[in-house]
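# Structural overview
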Amino acid sequence: MPNDRPSWDTYFLNITRQVATRSTCLRRHVGAILVRDRRILATGYNGAPRGLSHCTEAGCLREQRNVPSGERHELCRGLHAEMNVFLQAASFGVTTEDSTLYATVYPCSLCAKMAINAGVVRVVTAGDYPDPLAKEIFAEAEVEIDVVTD
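Residues numbered from 1 in each chain as written. Predicted model: local features only at pLDDT ≥ 70, side-chain atom pairs only at ≥ 80, totals over all residues. Heavy atoms only, no water.

### Observations regarding helix α4 (residues 81-91)
Stated precisely, the cut-off is as follows: Three exposure classes are used, based on accessible area relative to the maximum for each residue type with a 1.4 Å probe and protein chains only: buried under 20%, partly exposed in between, and exposed over 50%. Numbering of helices and strands runs from the N terminus, with a helix taken as a DSSP run of H or I at least four residues long and a strand as a DSSP run of E at least two residues long. Contacts are assigned to residue pairs with any non-hydrogen atoms lying within 4.5 Å of each other.
Inspection of α4 places Ala81, Glu82, Met83, Asn84, Val85, Phe86 and Ala89 among the buried residues, and these make up the whole buried set. Buried positions along α4 lie against β1 (31-36), β2 (39-45), β3 (99-103), α5 (109-118) and β4 (120-125). Of the residues flanking the end of α4, it is Gly93, one or two places downstream, whose phi is positive at about 70 degrees.

### Focus on the sheet that holds β2
Here is the rule we go by: If DSSP finds at least two bridges between two strands, the strands pair. Here an angle of 0 to 180 degrees is reported between the N-to-C directions of two axes, which are lines fitted to C-alpha atoms, with helices fitted over the stretch in contact.
The strand order across the open sheet built from five strands is β2-β1-β3-β4-β5, with neighbouring strands paired in mixed fashion. Taken across any chain shown, the strands that pair with only one partner, and hence form the sheet edges, are β2 and β5 (144-147). The sheet shows a mean angle of 20 degrees between the axes of neighbouring strands, direction not considered. Note that β1 and β3 share four bridges and pair antiparallel. Across the sheet, the residue bridging to Val35 is Thr100, located in β3.

### Quick notes on the packing of α5 against helix α6 (residues 132-140)
For clarity, the cut-off: In this scheme, roughly parallel covers angles under 35 degrees and roughly antiparallel covers those over 145, while 65 to 115 is roughly perpendicular and the rest are oblique. Crossing handedness is defined as follows: a turn of the near helix away from the far one that is anticlockwise and smaller than a right angle gives a left-handed crossing, while the clockwise case is right-handed.
In contact at an axis separation of 8 Å, α5 and α6 are set at 20 degrees when each is read in the N-to-C sense. Of the possible angle classes, the one that applies to α5 and α6 is roughly parallel. Of the two elements, α5 crosses α6, and the hand of that crossing is right-handed. On the side of α5, the interface is formed by Ser109, Ala112, Lys113, Ala115 and Ile116, while α6 contributes Leu133, Ala134, Ile137 and Phe138.

Remember, this is a structural readout, not a statement about activity or role.
So this is what it looks like as structure tokens:
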């Protein structure tokens, strides 16, 4: 009997893709989860902070100003999925030390710095993002990066 079970990375990336379906971003739906010892610690998706209008309601400032992907992150009302996953873990007192970050898209340089300080030792991603500084930061911090495209 063949083993049709997905690898752990595929399994967690599939969950991460499901998390991304909650996104309210008009440009890109992104999901992130933190895992340690094959247990999900927290989840996050990109969208506006609690209590604020979602981009689906308020529109997209980055789109209005023609800001290219990977630039001027501060010109967005939303938080990145990775930011939200760290904030969720912090809100519930969950340690993120020695965790793996699964993300549907390669983290930007802002999220890379947060991941390093949160104790992430490995990042598994399903897609790229145009922010070369993020790759440099992760390399310098010796964070293991795996791209899974299945």
